[in-house]
Amino acid sequence: MASALPSLSSTSSSLLQHCFTGNSKGPTQFPNKSAGFFVFAQKKAKKTRKIILKEDVVDVGKKGQLLDVKAGFFRNFLFPTGKASIVTPQLLKEMRLEDERIEAEKRRVKEEAQQLALIFETVGAFKVKRKGGKGKQIFGSVTAQDLVDIIKAQLQRELDKRIVDLPEIRETGEYIAELKLHPEVTARVRVNVFAN
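Residues numbered from 1 in each chain as written. Predicted model: local features only at pLDDT ≥ 70, side-chain atom pairs only at ≥ 80, totals over all residues. Heavy atoms only, no water.

Undergrad: Can you help me understand the overall build of the protein in this one?
TA: Across its full length, the protein carries 4 helices and 9 strands. Starting at the N terminus and walking to the C terminus, you meet the elements of the protein as α-β-β-α-β-α-β-β-α-β-β-β-β. In the protein, which comprises 196 residues, the proportion classed as buried is 23%. The contacts in the protein between residues at least 6 apart in sequence include a share of 45% that link residues at least 24 apart. Put simply, the protein shows about 14900 Å² of open surface, and 53% of that area lies on carbon and sulfur atoms. (Helix = DSSP H or I, 4+ residues; strand = E, 2+ residues; numbered from the N terminus. Buried < 20%, exposed > 50% of the residue type's maximum accessible area, 1.4 Å probe, protein only. Contact = heavy atoms within 4.5 Å. Areas by Shrake-Rupley, 256 points an atom, 1.4 Å probe, with all protein chains shown as cover.)

Given below as structure tokens:
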């Protein structure tokens, strides 16, 4: 029996000889009762990849976002189309530097808008002349484009008329206009309308 199983250890081969030869006087016992044979079932490993998106992908995420996606989705769609790449320490460092640069640019733009708002608010009232009608009525109305032209003439600043929020002006008097210079900065300017 031992010659038929040359790869067995000496303990296991003697145990096999003992079991199969019939020399046993009672039930066969294993030499070490505390040692058992354990079988561990392996869980199916989730195959995901940590990636960074290079552009906006519908139903996945936005550009620059770090995500965990399934390996097949990355391998078959995101990588061949150039929409994502696997995260590396170098890529993380570049991304961090880019984020810092963008934040610095946003702060600079906001500070410029705050300085411009301060200039607009300290100038005083912008005067608009219109042909007068009965009482306080004026012919026509004062539009955002009129205010932009007056600001350009007085302060030599170019503005887009879309950032001007002006109430409807059809009479003489003083009005407040809001200039949305930045999503977080709004300048309030006074507009004096009088008839000539």
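Undergrad: Would you explain the sheet that holds strand β8 (residues 173-182) in this entry?
TA: Hydrogen bonds along the backbone pair up the strands of a sheet, which may run parallel or antiparallel. In space, the 4 strands of this open sheet follow the order β4-β9-β8-β6, with mixed pairing throughout. Each having just a single partner strand, β4 (125-130) and β6 (164-165) make up the two edges of the open sheet. Sheet analysis places β4 next to strand β9 (residues 185-195), joined by 6 bridges and oriented parallel. Pairing of V128 across the sheet is with V193, part of β9. In the packing of helix α3 (residues 89-123) onto the sheet, contacts are made with β4, β8 and β9, and the angle to β9 comes to roughly 25 degrees. Running at roughly 120 degrees to β4, helix α4 (residues 144-155) makes contact with β4, β6, β8 and β9 of the sheet. (Pairing = 2+ DSSP bridges. Axes fitted to C-alpha atoms, helices over the stretch in contact; angles between N-to-C directions.)

Undergrad: Even after reading the chapter, I still don't get the nonpolar core, so can you show me in this structure?
TA: Generally speaking, soluble globular proteins have nonpolar side chains that are buried together. Judged by nonpolar contacts, the single largest core of 26 residues is most densely connected at F120, L147, L166, L179, L181 and V193. Every element with two or more residues in this core is listed here: α3, β4, β5 (137-142), α4, β8 and β9. Those residues in contact with V193 that lie beyond four places of it in its chain are V128, I138, V142, I169, E171, T172, G173 and Y175. (Core = buried A, V, L, I, M, F, W, Y, C linked by side-chain atoms within 4.5 Å.)

Undergrad: Any chance you could explain the environment of S85 here in plain terms?
TA: Tracing the chain through its elements places S85 in strand β3 (residues 84-86). In the structure, S85 is positioned 11 residues away from F74 in sequence and 8.4 Å away in space, judged by C-alpha atoms. Discounting residues that sit within four places of it in the chain, S85 has contacts with I51, I52, K54, F74 and L91.

Undergrad: Please clarify how the packing of aromatic side chains should be interpreted in this entry.
TA: The relation between two aromatic rings is expressed through the spacing of the ring centres and the mutual angle of the planes. Within the structure shown, the criterion is met by 2 aromatic pairs. On the numbers, 5.6 Å between centres and 25 degrees between planes, the contact of F73 with F77 is stacked. In this pair, F73 and F77 both sit in helix α2 (residues 71-78), 4 residues apart, roughly one turn of the helix. Judged by relative accessible area, which is 33%, F73 ranks as partly exposed. Aromatic side chains F74 and F79 sit 5.6 Å apart centroid to centroid with 40 degrees between the ring planes, which places their arrangement in the tilted category. Residue F79 is classed as exposed on the basis of its relative accessible area of 53%. (Phe/Tyr/Trp six-rings, centres within 6.5 Å; stacked < 30°, edge-to-face > 60°.)

Undergrad: Whenever I open this one, the side chain of T172 confuses me. Can you help?
TA: Counting through the fold element by element, T172 comes out in the loop between β7 (169-171) and β8. The exposure class of T172 is buried, given its relative accessible area of 18%. Excluding anything up to four places from it in sequence, T172 contacts K136, I138, V193, F194 and A195.

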